[in-house]
Amino acid sequence: MRYSIFSLAANALTGHRRWKPTWRDAAPKAGGYDVVVIGGGGHGLATAYYLARNHGIRNVAVIEKGWIGSGNVGRNTTIIRSNYLLPGNSSFYELSMKLWEGLEADLGYNAMVSQRGVLNLFHSDAQRDAYVRRGNAMRLEGIDAELLSREDVRREMPFLAFDDARFPIKGGLRQRRGGTARHDAVAWGYAGAASERGVDIIQNCEVTGFLTDPDGRVTGVETTRGAIRAGKTAMAVAGNSSRVAALAGFRLPIESHVLQAFVSEAIKPLIDNVVTFGAGHFYISQSDKGGLVFGGDIDGYNSYAQRGNLPTVEDVCEGGMALMPAIGRVRMLRSWGGIMDMSMDGSPIIDHAPVAGLYLNAGWCYGGFKATPASGHCFAHLIATDAPAREAAAYRLDRFERGYTIDEKGQGAQANLH
Ligand SMILES: Cc1cc2nc3c(=O)[nH]c(=O)nc-3n(C[C@H](O)[C@H](O)[C@H](O)COP(=O)(O)OP(=O)(O)OC[C@H]3O[C@@H](n4cnc5c(N)ncnc54)[C@H](O)[C@@H]3O)c2cc1C
């Protein structure tokens, strides 16, 4: 389905009865596939798309146990940015930002990419120093960054807590090119564009095991809809990475945790960018419908549930009240949770799995949505060429063994702090 002003007008005139499904709902092919991607989230779908688009590999299936968008890709708070400090991360996330900037034209789909800016507030001199360092590192990499003073922030966002605040705002680091994208439209856009290039998207099909040859090489997957053979098998199952790895017989340096998000009733336009609180874990933006969309820390226990608990709700709301007391007068509409695959240094893994024939994409923690285009791009490169893409070269699984962790936050090996 290609979208244009003409198709919109034609469908409007015919009562919107002629729209075709955005992607084909395929059944597993008896002959198997060149590549099977497990997981129909953003990363799996983007991988399939770039395999077809960049490498001409079209005999590809994406296997999804639920429906497209039922995982984190449809549950996140939609923030995109490339304001990273460390070399292993900055070029990767900047590649992602560049791909976001051309994504809608590339996919032919409105993903509502909105470069409204991301502002990280700082509340102490030490934090200011750390943000200045990060901003300088970004600019050295050619990534946009601006330091705002307290008065700059007050001029733009007078409703934040400046006077008599528990954590006085001292300024902020802004990336203007950061912003938001409509999360589920990203999944639908990649699904449509991949399907158009011949990729089979197979929903309601759970991978329950792996097919192997006598040498132990993975040759496909066992699923709830039968065995599916594959030349190469790739996993991009986000919060379920440890479970699927266990089916293939290996362990990962990953814990699964719940992350919750919240949306308020719709109010008039108030926040025209994304703001993060530096004295606690709280971040907020406003959706195009007017709802305040916000979130904070993961729930502090391991879980595979897609819902969280009240102590974290209280903690997030405390952060909101400390930053922006007016939020206390807004009614909350909904909250929900997603399963985060928290790696031990807070950075992802895009690599060969320790089992032949299997490729691994995991460990996205809090920030995997913004990574979606670059992750798909680099994972497709690895699968197609068996060599890591330059921008993702640091995301090797053995970095934990070698001591080459990419600890952007400097928190050490504690998944719950990254
Ligand atoms: C509340 C919340 C807020 C977030 N906010 C942001 C944000 O603002 N910005 C940002 O960059 N990131 C954010 N993230 C993180 C981001 O959403 C994730 O890191 C990213 O979406 C993970 O990749 P994915 O889209 O491929 O995951 P998913 O959409 O979870 O895809 C994985 C898929 O694999 C499927 N699967 C699992 N096991 C199997 C199996 N055995 N067989 C077949 N299929 C299987 C699942 O059903 C799922 O659909 C947030 C996450 C949450 C939960």
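Residues numbered from 1 in each chain as written. Predicted model: local features only at pLDDT ≥ 70, side-chain atom pairs only at ≥ 80, totals over all residues.

## Some remarks on the site of the ligand
Step number 1: As a matter of local geometry, the ligand sits amid 40 residues, with Gly 39, Gly 41, Gly 71, Gly 338 and Gly 368 nearest to it.
Step number 2: Elements represented by at least two residues in the shell around the ligand include exactly helix 2 (42–55), strand 12 (254–266) and strand 16 (332–343).
Step number 3: Here the residues of the shell around the ligand sort into 15 nonpolar, 20 polar and five charged.
Step number 4: Looking at which domains feed residues into the shell around the ligand, each of domain 1 (5–109 + 182–253 + 345–417) and domain 2 (118–177 + 256–343) supplies at least three. (Near = placed C-beta within 6 Å. Helix = DSSP H or I, 4+ residues; strand = E, 2+ residues; numbered from the N terminus. Nonpolar A, V, L, I, M, F, W, Y, C, P; charged D, E, K, R; others polar. Domains from an automatic or database assignment.)

## Focus: the sheet that holds strand 4 (residues 118–122)
Step number 1: The strand order across the open sheet built from eight strands is 5-6-4-13-14-15-12-16, with neighbouring strands paired in mixed fashion. Single-partner strands in this sheet number two, and they are strand 5 (146–149) and strand 16. Taken over all neighbouring pairs, the strand axes of this sheet differ in orientation by 25° on average, direction set aside.
Step number 2: Relative to strand 15 (residues 291–302), strand 12 runs antiparallel, the two being bridged by six bridges. Counted as the bridge partner of Ala 266 is Gly 291 from strand 15.
Step number 3: Docked against the sheet, helix 8 (residues 310–323) engages strand 12, strand 13 (274–277), strand 14 (282–286), strand 15 and strand 16, running at close to 135° with respect to strand 15. (Pairing = 2+ DSSP bridges. Axes fitted to C-alpha atoms, helices over the stretch in contact; angles between N-to-C directions. Contact = placed C-beta atoms within 7 Å.)

## What to know about the packing of helix 3 (residues 87–107) against helix 9 (residues 372–385)
Step number 1: Closest axis-to-axis distance for the helix 3/helix 9 pair is 7 Å, and the angle between their directions is 105°. Viewed along their axes, helix 3 and helix 9 adopt a mutual orientation that is roughly perpendicular. Touching Phe 92, Tyr 93, Leu 95, Ser 96, Leu 99, Trp 100 and Leu 103 of helix 3 are Pro 373, Ala 374 and His 377, all from helix 9.
Step number 2: Classifying every residue of the contact of helix 3 with helix 9 by side-chain character gives eight nonpolar, two polar and no charged. (Parallel < 35°, antiparallel > 145°, perpendicular 65-115°, else oblique.)

## Re the UniProt feature "domain: Rhodanese" (unreviewed entry) in the chain
Step number 1: The positions that UniProt labels "domain: Rhodanese" (unreviewed entry) are, in the present scheme, residues 35–79.
Step number 2: For the annotated span residues 35–79, helix accounts for 31% and strand for 20% of the residues, and the straight-line distance between the end C-alpha atoms is 30 Å. (UniProt positions renumbered as here; feature names shortened; annotations may be inferred.)

## Let's talk about the domain arrangement of the chain
Step number 1: Here the chain is partitioned into domain 1 (5–109 + 182–253 + 345–417) and domain 2 (118–177 + 256–343).
Step number 2: Inter-centroid distance (C-alpha atoms) of domain 1 to domain 2 is 27 Å.
Step number 3: Every contact between the two is made by 33 residues of domain 1 and, on the other side, 28 residues of domain 2.
Step number 4: Only helix 3 and helix 7 (241–248) provide two or more residues apiece to the side of domain 1 that touches domain 2.

## So, the nonpolar core
Step number 1: Membership of the largest hydrophobic core comes to 117 residues, with the highest contact counts inside it found for Val 35, Val 36, Ile 38, Ala 48, Val 60, Tyr 190 and Ala 194.
Step number 2: At eight residues, helix 6 (residues 183–196) tops the list of elements feeding residues into this core.
Step number 3: Taken together, domain 1 (5–109 + 182–253 + 345–417) and domain 2 (118–177 + 256–343) each give at least three residues to this core, which thus spans both.
Step number 4: Among all residues touching Ile 38, those that are not within four sequence positions of it are Ile 63, Val 207, Val 221, Ala 234, Met 235, Ala 236, Val 237 and Val 244. (Core = buried A, V, L, I, M, F, W, Y, C linked by C-beta atoms within 7 Å. Buried ≥ 20, exposed ≤ 12 C-beta atoms within 10 Å, placed from the backbone.)

## A look at the pairing of strand 17 (residues 349–352)
Step number 1: Note that strand 17 and strand 18 (residues 358–362) share four bridges and pair antiparallel. Residue pairing across strands places Asp 351 opposite Leu 360, the latter belonging to strand 18.

## Overview of the pairing of strand 6 (residues 171–175)
Along a regular strand, successive side chains alternate from one face of the sheet to the other.
Step number 1: Within strand 6, five of the five residues are buried, which leaves it mostly tucked inside the rest of the structure.
Step number 2: Neither face of strand 6 is exposed, since Gly 171, Leu 173 and Gln 175 on one face and Gly 172 and Arg 174 on the opposite face are all buried.
Step number 3: Inspection of the sheet shows strand 4 paired to strand 6 by five bridges, in the antiparallel sense. By the bridge assignment for strand 6, Asn 120 is matched with Leu 173.
Step number 4: Pairing analysis gives four bridges linking strand 5 to strand 6, with the strands arranged antiparallel. Its bridge partner being in strand 6, Leu 148 is matched across the sheet by Gly 172.

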